Amino acid sequence: MIPQACIHIGELMRGAAAAAVITREQLAVMLYRYAGSPAAGGSLDGFADAGKVSGYAQNGLVWATSNGVMSGKGGGMLDPQGLATRVQISFSFCNKSLN
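Reading the values: rules and limits
Residues numbered from 1 in each chain as written. Predicted model: local features only at pLDDT ≥ 70, side-chain atom pairs only at ≥ 80, totals over all residues. Heavy atoms only, no water. Helix = DSSP H or I, 4+ residues; strand = E, 2+ residues; numbered from the N terminus. Buried < 20%, exposed > 50% of the residue type's maximum accessible area, 1.4 Å probe, protein only. Contact = heavy atoms within 4.5 Å. Salt bridge = Lys/Arg side-chain N within 4 Å of Asp/Glu carboxyl O. Core = buried A, V, L, I, M, F, W, Y, C linked by side-chain atoms within 4.5 Å.

**Description of the environment of V62**
Phase 1: When you line up the elements, V62 lands in helix α3 (residues 58–66).
Phase 2: A residue is classified by how much of its surface remains accessible, and V62, at 5% relative accessible area, is buried.
Phase 3: Note: C-alpha distance between V62 and A39 (23 residues apart in sequence) is 9.6 Å.
Phase 4: In this structure V62 touches A40, G41, G42, S43 and L44, once residues within four positions along its chain are discounted.

Right under this line is the structure:
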C-alpha cells in the first residue's frame, strides 16, 4: 500500500508546485522538521563538500543522511546547494514516510 504522504507529494508535483525549485539542503530541512526535528546523530564528514552546508541545514542533513532519507550524489559529494529533482523529492519524502 502506498502511504498517503507519497500520494500527496505526487499531487503537489503535478500541480502549481511542479515548477518550484528547492535545494537538496532545503529538502533535508523540510523532511527533518516534518519528522519533528529529532536528535541528529552522526556527521557529514564523509562528504567532500560538507563545508558547503548552510548552518541552518546542518542538523537536517545529518539526520537525513544518517537515517537513509537522503544520500550523496556520488564521488563523495552531497551537493547541498544543488537543486533537488522531482524524483529526488518524491523518493526522499516517500522513503521518510515508509520509515
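**Quick look at unusual backbone geometry**
Phase 1: Despite not being glycine, S37 has its phi angle at roughly 50°, a positive value.
Phase 2: A residue is classified by how much of its surface remains accessible, and S37, at 39% relative accessible area, is partly exposed.
Phase 3: Residues other than glycine seldom take positive phi values, yet D79 does so here, at roughly 55°.
Phase 4: Its place among the elements puts D79 in the loop between α3 and α4 (86–98).

**A closer look at the side chain of T23**
Phase 1: By the secondary structure assignment, T23 is in the loop between α1 (4–14) and α2 (24–34).
Phase 2: Looking at T23, the relative accessible area reads 15%, which means it is buried.

**Overview of α3**
Phase 1: All of the buried residues in α3 are G60, L61, V62, W63, A64 and T65.
Phase 2: Just beyond α3, the residue with positive phi is G68, at close to 75°.

**Some remarks on the pattern of salt bridges**
Phase 1: If you walk through the whole model with that rule in mind, you get one salt bridge.
Phase 2: A salt bridge links K73 to D79; its shortest N-O distance comes to 2.9 Å.
Phase 3: Among the residues examined, K73 registers a relative accessible area of 44% and is labelled partly exposed.

**Concerning the nonpolar core**
Side chains that are nonpolar tend, in soluble globular proteins, to be buried together.
Phase 1: Counting 20 residues, the largest nonpolar core has L27, L44, L61 and M70 as the members making the most contacts within it.
Phase 2: Among the elements of the structure, α2 and α3 are those that each provide at least two residues to this core.
Phase 3: A total of five residues in this core trace back to one element, the largest contributor, which is α2.

**Remarks on the environment of M70**
Phase 1: Mapped onto the elements of the fold, M70 is located in the loop between α3 and α4.
Phase 2: The spacing of M70 and I89 is 19 residues in sequence and 9.5 Å in space, taken between C-alpha atoms.

**Things to note about α2**
Phase 1: Within the sequence span of α2, burial applies to R24, E25, L27, A28, V29, L31 and Y32.
Phase 2: Positive backbone phi, approximately 95°, marks G36, located one or two places after α2.

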